[in-house]
Amino acid sequence: MGLRTSCPQLFPGDIVEYPRNKYFSHFAVYYGERDGVPYVAHLTTRDSDSKLPLFGRALRSEVKLEPLELLGKKYKVNNMLDDSFPPRDFHGVVKPAIEDLLGHEVTFDILFHNSEHQATLLRYGVKKSAQIEMIYKHIMPAWKTLFDQNLL
């Protein structure tokens, strides 16, 4: 499904992808409507002025429930692991997990626990980040060379 400014059909538990730049996106899980307003749950830093977490980590992060379009007008449904993992039951598993996380501090880590990891963990019970796996494909050969030369 391509990017849209119109509303793609969303179902509770769908992963919503918000492109941020050429390389990275932010991810959320569609929660449903409250008073006619669609909401998503997503991992975000608590300190709104900390755009770039120090060393790729932000200790003061949390899962928030916010209006769908507050995160961006361009988004798409991206249930990227449906072919590999069955989605978990929204009302029995995902929604209670989201509600348990709300208001609790969570460590954000760009490599090990980013918004994509959080979204796939909620939907599938598995932490995966295709964005980070792509980065690993490119940096691992360079790191291997540095290790082999005892430079790292």
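See the structure printed just above.
All of these numbers come straight from a predicted model, not from anything done at the bench.

Criteria and cut-off values
- Residues numbered from 1 in each chain as written.
- Predicted model: local features only at pLDDT ≥ 70, side-chain atom pairs only at ≥ 80, totals over all residues.
- Heavy atoms only, no water.
- Helix = DSSP H or I, 4+ residues; strand = E, 2+ residues; numbered from the N terminus.
- Buried < 20%, exposed > 50% of the residue type's maximum accessible area, 1.4 Å probe, protein only.
- Contact = heavy atoms within 4.5 Å.
- Areas by Shrake-Rupley, 256 points an atom, 1.4 Å probe, with all protein chains shown as cover.
- Salt bridge = Lys/Arg side-chain N within 4 Å of Asp/Glu carboxyl O.
- Core = buried A, V, L, I, M, F, W, Y, C linked by side-chain atoms within 4.5 Å.
- Phe/Tyr/Trp six-rings, centres within 6.5 Å; stacked < 30°, edge-to-face > 60°.
- Lys NZ or Arg CZ within 6 Å of the ring centre and 35° of its normal.

**Observations concerning the overall build of the protein**
Along the protein, the regular secondary structure elements total 3 helices and 6 strands. Reading the helices (α) and strands (β) of the protein from amino to carboxyl end gives β-β-β-β-β-α-β-α-α. In the protein, buried positions account for 38% of the 152 residues. Put simply, of all contacts in the protein between residues at least 6 apart along the chain, 62% involve residues at least 24 apart. In the structure as shown, the protein presents an accessible area of about 9,200 Å², 56% of it carried by carbon and sulfur atoms.

**As for the environment of Glu99**
Relative to the helices and strands, Glu99 is located in helix 1 (residues 90-101). We classify Glu99 as partly exposed; its relative accessible area is 39%. A C-alpha to C-alpha distance of 9.3 Å links Glu99 and Ala41, two positions 58 residues apart in sequence.

**Topic: the pattern of salt bridges**
Tallying each qualifying case throughout the model produces 5 salt bridges. The residue Arg123 makes a salt bridge to Asp82 at a minimum N-O spacing of 3.1 Å. Taken as a pair, Arg123 in helix 2 (residues 115-124) and Asp82 in the loop between strand 5 (76-77) and helix 1 lie far apart in primary sequence, 41 residues in all. One salt bridge in this structure joins Glu133 and Lys128, with 3.6 Å as the shortest N-O distance. Accessibility expressed as a relative area gives 31% for Lys128, which makes it partly exposed.

**Observations concerning the nonpolar core**
Ranked by size, the top nonpolar core spans 18 residues in total, and within it Val29, Tyr31, Val94 and Ile98 carry the most contacts. The set of elements that each furnish at least two residues to this core consists of strand 2 (25-34), strand 3 (37-45), strand 4 (57-67), helix 1, strand 6 (105-109) and helix 2. Apart from residues lying up to four places away in sequence, Tyr31 is in contact with Pro12, Tyr39, Val40, Leu65, Phe90, Lys95, Ile98 and Glu99. Ala28, Tyr30, Leu71 and Val77 belong to the second largest nonpolar core, which has 10 residues in total.

**Side note on the packing of aromatic side chains**
Under the defined criterion, the tally for this structure stands at 3 aromatic pairs. Positioned above the aromatic ring of Tyr39, the side-chain terminus of Arg34 is 5.7 Å from the ring centre.

**Some details on unusual backbone geometry**
If you check the backbone angles, Asp35 has positive phi at about 50° while not being a glycine. Along the chain, Asp35 falls in the loop between strand 2 and strand 3. The class for Asp35 is exposed, based on a relative accessible area of 83%.

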